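The lines below spell out each chain.
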Amino acid sequence: MSQQAIPKAPRGGAVWALVITSVAGFMAALDNLVVTTALPSIRADLGGGLHDLEWTVSAYTLTFAVLLMFGAALGDRFGRRRLFLVGLTIFTGASAAAAMAPGIDSLIAARAVQGVGAAIMMPLTLTLLTAAVPAAKRGMAYGIWGAVNGLAVASGPLIGGSLTEHISWQWIFWLNVPLGVALLPLARLRLAESHGTGAPLDIPGTLLASGGLFGIVYGLVRGPADGWTDAVVLIALFAGAALLVGFVIYGTRAKNPMLPMRLFRSRAFSGINAASLLMFLGMFGSIFLLSQYMQGVLGYSPTEAGLRMLPWTGMPMLVAPIAGILSDRIGGRPVVATGLFFQAAGLGYLASVITVDASYAVQLPGLIMSGIGMALFFAPASNLVMSSVRRSEQGIASGANNALREVGGALGIAIMGSIFSAQGGYETGQTFVDGLRPALVTGSAVVALAGVAALVIPRGRGAEASVVEEEAAPVRETIAA
């Protein structure tokens, strides 16, 4: 392994690394859904049509998803702490620009720049945390990191609705600024620098992957609004798919590819990435529709709806650290699979009890099951991703996994939104329920399929696997030579 790949001694230890990376991950993950409940207020202040409001959400998702692997590659090449600071600075500055946006177009532009910063920052949180935490304790660390990030993803609508209702919509962006300003000096002083293999940047691979992901995500975002037969949507989807096929072919032949395709020969790496894609597909689509159900059908305010979702969205804070400890003791595979089947059961239950006047008590078991399932997934999944590759390749593994999660989320909203529109609509409470039920059934089936993918992961892939793999690789390469 290159000497560059060996991290320096941690300056502040595992606790500081955990605090810094968890808060940074929270900021990036929160902005996925925090805007959704603030859209009516944004429109009242800044104007714009439905198309413009959609882009206040989509601009962030697009740049975040398509640049994740590139951000990880930059960190591996030029220093993970250094690029983490760059990404955090961009994200914080763009958050302030979004809060001060004078019009809808400038808000959309600021959201796109936010996504750039998050794409650089987010995949490096795991590699920096891994470098600072001993292998035997990484499950617990990933558990806490996963709890914070899972809470951010799921509680975005609650936080956005509460700030908008009680202060102003600008504060969903101002919230990031003091956090970012506080993290910058801490990260500079308390995080150890580390590098990847030191290989040159893979420009062709970056262009193929970024272009392919952009086409796919753009088509998924625009499909429900413009129609799946729209020429632009079809061109984006087909072009994106073609570029991703080219990326796969290129990755099998290039000398130093951005994402070595040989990683997918590992059942652990392939299994956990497939499970992550499918889990986010089912989870994002379900939360997107259920938050609207609670407000539009049951009549709750954004804050009230968010509070009633807490048995689901708040569960990671309670269960994910325990899940991390369990993954250290018995391996991540059974914990992840159990969590996914729990969430599938929760969504299936909700689909069976949802009505135009369903009481909260009737919904509660499904929310609790979904929350436990999500909490059991996040921490062990991160551990499995990072332990399925060599330490020098953990940055790009994290970037690839995060990119697949983002694409899964966009795909979930698109697919489940299309099912909802085909079977129901917003006309009445009953038509909303008619569309919501089959969408939730689809979400349950997809998450159950994610559980099956998790079972493909070999048994016994613990936190030490990456170290063993890394030490064994030079021996295998020497024998092969």
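Being a predicted model, the structure only gives us computed values, none of them experimental. (Residues numbered from 1 in each chain as written. Predicted model: local features only at pLDDT ≥ 70, side-chain atom pairs only at ≥ 80, totals over all residues. Heavy atoms only, no water.)

Engineer: Quick rundown of the overall build of the chain? Include the residues and the values.
Structural biologist: Within the chain, the regular secondary structure consists of 19 helices and zero strands. Within the chain, the proportion of its 481 residues that are buried is 57%. Here the chain displays about 17800 Å² of accessible surface, and carbon together with sulfur accounts for 68% of that area. (Helix = DSSP H or I, 4+ residues; strand = E, 2+ residues; numbered from the N terminus. Buried < 20%, exposed > 50% of the residue type's maximum accessible area, 1.4 Å probe, protein only. Areas by Shrake-Rupley, 256 points an atom, 1.4 Å probe, with all protein chains shown as cover.)

Engineer: Provide a residue-level description of the packing of aromatic side chains, including the pertinent values.
Structural biologist: A full pass over the atoms with the stated rule returns four aromatic pairs. Plain terms: the ring middles of Trp 169 and Phe 173 are 6.3 Å apart, the flat faces sit at 85° to each other, and that makes the pair edge-to-face. Its relative accessible area of 0% is what places Phe 173 among the buried residues. A network of ring pairs unites the aromatic residues Tyr 293, Phe 420 and Phe 432 as a single cluster. Above the face of the Tyr 300 ring, Arg 308 is positioned so that its terminal group lies 4.2 Å from the ring centre. (Phe/Tyr/Trp six-rings, centres within 6.5 Å; stacked < 30°, edge-to-face > 60°. Lys NZ or Arg CZ within 6 Å of the ring centre and 35° of its normal.)

Engineer: Quick one: what's the story with helix 1 (residues 13-30), residue by residue and with numbers?
Structural biologist: Between its terminal C-alpha atoms helix 1 stretches 26 Å, which fits the 26 Å expected from 18 residues at 1.5 Å a residue. Listing the buried residues of helix 1 in full gives Ala 17, Leu 18, Ile 20, Thr 21, Ser 22, Ala 24, Gly 25, Phe 26, Met 27, Ala 28, Ala 29 and Leu 30. (Expected span 1.5 Å × (residues − 1).)

Engineer: I'd like a description of the packing of helix 11 (residues 267-296) against helix 18 (residues 429-455), backed by residues and values.
Structural biologist: Angle between the axes and distance between the axes: these two values describe a pair of packed helices. As a packed pair, helix 11 and helix 18 sit with axes 8 Å apart at the nearest point and diverge in direction by 160°. As the angle between them shows, helix 11 and helix 18 are arranged roughly antiparallel. Where helix 11 crosses over helix 18, the handedness of that crossing is left-handed. Of the residues contributing to the contact of helix 11 with helix 18, the split by class is 20 nonpolar, five polar and no charged. (Axes fitted to C-alpha atoms, helices over the stretch in contact; angles between N-to-C directions. Parallel < 35°, antiparallel > 145°, perpendicular 65-115°, else oblique. Left-handed = near helix turned anticlockwise from the far one by under 90°. Nonpolar A, V, L, I, M, F, W, Y, C, P; charged D, E, K, R; others polar.)

Engineer: Quick rundown of the nonpolar core? Include the residues and the values.
Structural biologist: If you look at the biggest cluster of nonpolar residues, it comprises 131 residues, and the most contacted ones within it are Phe 84 and Tyr 293. The dominant element in this core, judged by the number of residues it contributes, is helix 11, at 15 residues. Beyond its immediate chain neighbours, meaning those up to four positions away, Phe 84 contacts Ile 20, Ala 24, Met 121, Leu 124, Thr 125, Leu 128, Ala 187 and Leu 191. By size, the runner-up hydrophobic cluster in this structure holds six residues, among which are Val 319, Ala 323, Val 335 and Ala 375. (Core = buried A, V, L, I, M, F, W, Y, C linked by side-chain atoms within 4.5 Å. Contact = heavy atoms within 4.5 Å.)

Engineer: How would you summarise helix 4 (residues 80-99) if you had to cite specific residues and measurements?
Structural biologist: With 20 residues, helix 4 ought to run about 28 Å at 1.5 Å a step, and its terminal C-alpha atoms sit 28 Å apart, in line with that. When you tally the buried positions in helix 4, you get 14 out of 20 residues, the bulk of the element.

Engineer: Describe the environment of Pro 185, and please don't skip the residues or the numbers.
Structural biologist: Take Pro 185: it is sitting in helix 8 (residues 176-190). In sequence terms Pro 185 and Leu 85 are 100 residues apart; their C-alpha atoms lie 9.1 Å from each other.

Engineer: Describe a nonpolar patch on the surface, with residues and values.
Structural biologist: A cluster of nonpolar side chains, Phe 341, Leu 449, Val 452 and Leu 455, forms an exposed patch at the surface whose accessible area comes to about 330 Å². With three residues, the top contributor of residues to the nonpolar patch is helix 18. (Patch = residues over 30% accessible without salt bridge, like charges linked within 9 Å, V, L, I, M, F, W, Y side chains within 5 Å. Salt bridge = Lys/Arg side-chain N within 4 Å of Asp/Glu carboxyl O.)

Engineer: With reference to specific residues and values, describe the packing of helix 1 against helix 8.
Structural biologist: Contact geometry of helix 1 with helix 8 gives a least axis separation of 10 Å together with a crossing angle of 145°. You can see that helix 1 and helix 8 cross each other, and the crossing is left-handed. Residue-level inspection shows Trp 16, Ile 20, Val 23, Ala 24 and Met 27 of helix 1 in contact with helix 8, the latter providing Asn 176, Leu 179, Gly 180, Leu 183, Leu 186, Ala 187 and Arg 190. When grouped by side-chain class, the residues that make up the contact of helix 1 with helix 8 number nine nonpolar, two polar and one charged.

Engineer: Would you mind going over the environment of Ile 325 in detail, with residue names and values included?
Structural biologist: If you trace the backbone, Ile 325 turns up in helix 14 (residues 315-330). In this structure Ile 325 comes out as partly exposed when scored by relative accessible area, which is 31%. Taking the C-alpha atoms as reference points, Ile 325 and Pro 380, 55 residues apart in sequence, are found 8.9 Å from one another.

Engineer: How would you summarise the side chain of Ser 95 if you had to cite specific residues and measurements?
Structural biologist: Its place among the elements puts Ser 95 in helix 4. From its side chain, Ser 95 meets the backbone oxygen of Phe 91 in a polar contact 2.9 Å long. Of note is the side chain of Ser 95, whose polar atom sits 2.9 Å from the side chain of Gln 114. Look past the residues within four positions of Ser 95 in its chain and what remains in contact with it is Gln 114, Phe 173, Asn 176 and Val 177. (Polar contact = N/O pair within 3.5 Å; in protein donor to acceptor, adjacent residues only side chain to side chain.)

Engineer: So what's going on with the confidence of the model for the chain? Which residues, and what values?
Structural biologist: Overall, the predicted model of the chain reaches an average pLDDT of 78, with 84% of residues at or above 70. Across residues 1-11, confidence stays below pLDDT 50; counting only partners more than four residues off in sequence or on other chains, it has 24 contacts. In the model, residues 461-481 has pLDDT below 50 throughout and makes 29 contacts with residues more than four positions away in sequence or in other chains. (pLDDT = per-residue confidence, 0-100.)

Engineer: An account of the side chain of Ser 286 is needed here, citing residue identities and associated values.
Structural biologist: Tracing the sequence through the fold places Ser 286 in helix 11. You can call Ser 286 buried: its relative accessible area is 0%. For Ser 286, the side chain forms a polar contact with the main-chain oxygen of Gly 282, separated by 2.7 Å. Setting aside residues no more than four positions away along its own chain, Ser 286 makes contact with Trp 312, Leu 347, Met 416 and Leu 440.

Engineer: Could you give me a rundown of the environment of Leu 129, with the residues and numbers involved?
Structural biologist: On the secondary structure map, Leu 129 appears in helix 5 (residues 104-132). The exposure class of Leu 129 is buried, given its relative accessible area of 0%. Distance from Leu 129 to Val 19, taken between C-alpha atoms, is 9.4 Å for residues 110 residues apart in sequence.

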